[in-house]
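A look at the structure
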Amino acid sequence: MSLSAQPLQCHHVLRILAVATSIVTARHLFANGFHYPLLMLLVHVSFAFVIEGLGLRHGAAADAIADTTTTLRRPQTWTSRFCQALFAISIAVGLIFTYHSFLHNRNTTLCVMLLGLDGATVLGRTGKWLQGKQRSADALLSITTFLLCVVLVVWKENWLVGKGILFILVAAFCVATARYLWRSGFVENRISIGSINVDAYGAGLGVCLPLALFLLLVTGWYNRRDFHMEGRVSGVLVSTLAGALSLSSEARMKKLTSWLQEKVTFHTKLDLNFGSPFFPLLVLSIVEVDNCLAQHRPSTTSQAQWFAFAIAFFSTIDITSMARPASWAPEEGGSYVPIPNLKYQDDPTDPTKSPAAEDTEAMHPADSQHADEPSTLRYVFLAWHATLGILALFIVFYFAIAASYTDPGRRSWDLDIVVAWYDEPIDQVVSTVQLALDLPNIAGRKVRTVVYNKGNQNETELELVFPIQSGLVIRRLENVGREGETYLSHVLDSEQDWASHTMFIQAEPHEPGYLQARLEDYFVEKTGFLSLSHVRNFCPSCDTCNDHSGWTEEGTILRDIFERANPEQTCRDLSLTYRGQFLVSSRRMRNANDELLREVRARVVDDEHFGFTLERSWGTLFQCPTISERCPTLLSGWIGNRAAVEDCQCLD
């Protein structure tokens, strides 16, 4: 190992570009309505095997040569077989959750950050700490700092959704597990299944194929309305090529770039191999360039998140190893991320072979016990991680004091709660109303609850148990048109008998805890329209509007609604509303286009599917088609991330 400059490896550069291009094209396809990450994964893995197969004929004789020159391998035990299986499963599950995380997390930068962090090092240090092999203060500091910074990166994310953050954390854990198994020597690069020899990483891809296919069939993707290729052909083709190359073997990538490698004269000291510290940084840089230049609504990653990511990144680096000549230029085979690697005639060795367990200490001094290190270097290592820990605590303090706060003087005075009730239990209706009554910015105000009964529940019993803090009015409606028809009936048929604000909600609301947080943080006296559910989906225009659930609508219909409700605005940057729960002022209800509302009510009664369009269009109907991308999701708001009140609503 040496710090001397080496010729730039073209296959490493190609993989960086392939991974970054695959991520960027995936985000653009997902934004354009192609919501099929499993289908994309199947295509990428399948074409990766095709690319590998192109070299099999050329390497057919290599198998015979390899069979006669096979080196002795360690005998297979049940433990080694378990590790092989765990490695393959980690690869398969990690890929599936990675692809899904890019669909369900709007902030692609966050995904790349978490996947790029070296969790394998932390797993190794944690394992040695638990086994009593490395119970030093610097090891504990490094583990704690890393985990704290991961929490900080996620905590300060404004666009968190429960499913999305679960997917990315599972993906990051699977990637870290696979890396740890590989670098710890638990994985044989050549797995024998009967008379068949297969590459370890290739086995993981092989497990991924049937698993992804099964999940794809279970989801019923072929029945969804938004599956088409119109306007997506070029993106799909680029994604297919880039995704397949990003999953191809090291040997195959070398062959593809061999003609270019012969002409390269540029030398560099940086290791750009898949798994080096520089690899995720370069991919992250390309994603950020796409953020700035090509995204309709760029992901908003805060400076505090970047700072936390940098601390976590450096906490996995052994500062004392920088004194060694091996720190930044590992020998061939030092990569801790396995790449599928089929043996060919002119490449009989396996440069990505998993190291033997007895070799890992020498290869990865970051996880050693530093028993032979000079005491000065050990103190430097301790000071390094103590500094990083202090910086992480500084970010925690910054987060704690920087949260926005709603001035009590700006809070609202009186409120109507309109409840759409069908067959939900009476206790559930009472509990839903109590959500609002318990809030400090509503308690003590004049509140009236209007319950629209579309079922056969006992209204007298509801009156007996209803909270005394609120007046109660019960009205009966025919059971048509879902909750949308109920809300429009209240607006159109109440003879403008409205409070200054009206909260529309179903008898059994979605995510009540998040709803409460949104009401408490953003309901102010000048609130005009406030969505009480997801705000993470935006449409660039009426002609290109869809979301992750598969919903889409004709551009002419959306444009007609938009232009009649907002005559002086251009149809762009539409914020979609969800779950049929929102709050609107009497001023906006009074200014709404009555003729349009009556037409929409008639249509939602006749067309059940249009109810989904109406659910997403409440902001547009009440002159609030766009909110700021700075508004946090309900989950982010619930854990303490707040924005200025004007960022999450339209004010009167």
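1. Let's talk about the confidence of the model for the protein
A low pLDDT score tells you not to read the predicted coordinates there in detail. Across the protein, pLDDT averages 78, with 81% of residues at or above 70. Across the protein, the secondary-structure element scoring lowest on mean pLDDT is helix α3 (residues 60-68), at 41, and the one scoring highest is strand β12 (residues 582-585), at 94. In this model residues 356-372 is a low-confidence stretch, pLDDT under 50, and it forms 40 contacts with partners more than four residues away in sequence or in other chains. Note that pLDDT drops below 50 for residues 405-412; the model gives that stretch 25 contacts with residues more than four away or on any other chain.

2. Here we look at the sheet that holds strand β13 (residues 650-651)
Strand order across the open sheet formed by seven strands is β7-β6-β5-β8-β12-β9-β13, with mixed pairing between neighbours. The open sheet is flanked by β7 (471-476) and β13, the only strands paired with a single partner. Where strand β9 (residues 527-531) meets β12, three bridges bridge the pair, whose relative direction is antiparallel. When the bridges of β12 are listed, Phe529 appears paired with Val584. Of the strands in this sheet, β5 (414-421), β6 (446-453), β7, β8 (501-506) and β12 touch helix α19 (residues 482-493), which is tilted by about 160° from β8. Its contacts with the sheet put helix α20 (residues 512-522) on β8, β9 and β12, and the angle it makes with β9 is roughly 160°.

3. Description of the packing of aromatic side chains
Summed over all chains, the structure comprises 16 aromatic pairs. Where Phe582 meets Phe622, the ring centres are 6.2 Å apart and the plane angle is 40°; that geometry is what we call tilted. In this pair, Phe582 is assigned in strand β12 and Phe622 in the loop between α25 (618-621) and α26 (634-638), connecting sequence segments 40 residues apart. Taken individually, Phe582 and Phe622 each receive the classification buried, so the pair is uniform in this respect. With a centroid separation of 6.3 Å and an interplanar angle of 10°, the aromatic rings of Trp618 and Phe622 are classed as stacked. Ring-pair connections join several aromatic residues into one group, and the members of that group are Tyr487, Phe504, Phe529, Phe582, Trp618 and Phe622.

4. A look at the side chain of Ser575
You can see Ser575 is positioned in strand β11 (residues 572-575). There is a polar contact of 2.9 Å between the side chain of Ser575 and the backbone nitrogen of Ile627. The contact partners of Ser575, leaving out residues within four places of it in the chain, are Asn537, Phe538, Arg616, Pro625, Thr626 and Ile627.

Scoring rules and cut-offs
- Residues numbered from 1 in each chain as written.
- Predicted model: local features only at pLDDT ≥ 70, side-chain atom pairs only at ≥ 80, totals over all residues.
- Heavy atoms only, no water.
- pLDDT = per-residue confidence, 0-100.
- Helix = DSSP H or I, 4+ residues; strand = E, 2+ residues; numbered from the N terminus.
- Contact = heavy atoms within 4.5 Å.
- Pairing = 2+ DSSP bridges.
- Axes fitted to C-alpha atoms, helices over the stretch in contact; angles between N-to-C directions.
- Phe/Tyr/Trp six-rings, centres within 6.5 Å; stacked < 30°, edge-to-face > 60°.
- Buried < 20%, exposed > 50% of the residue type's maximum accessible area, 1.4 Å probe, protein only.
- Polar contact = N/O pair within 3.5 Å; in protein donor to acceptor, adjacent residues only side chain to side chain.

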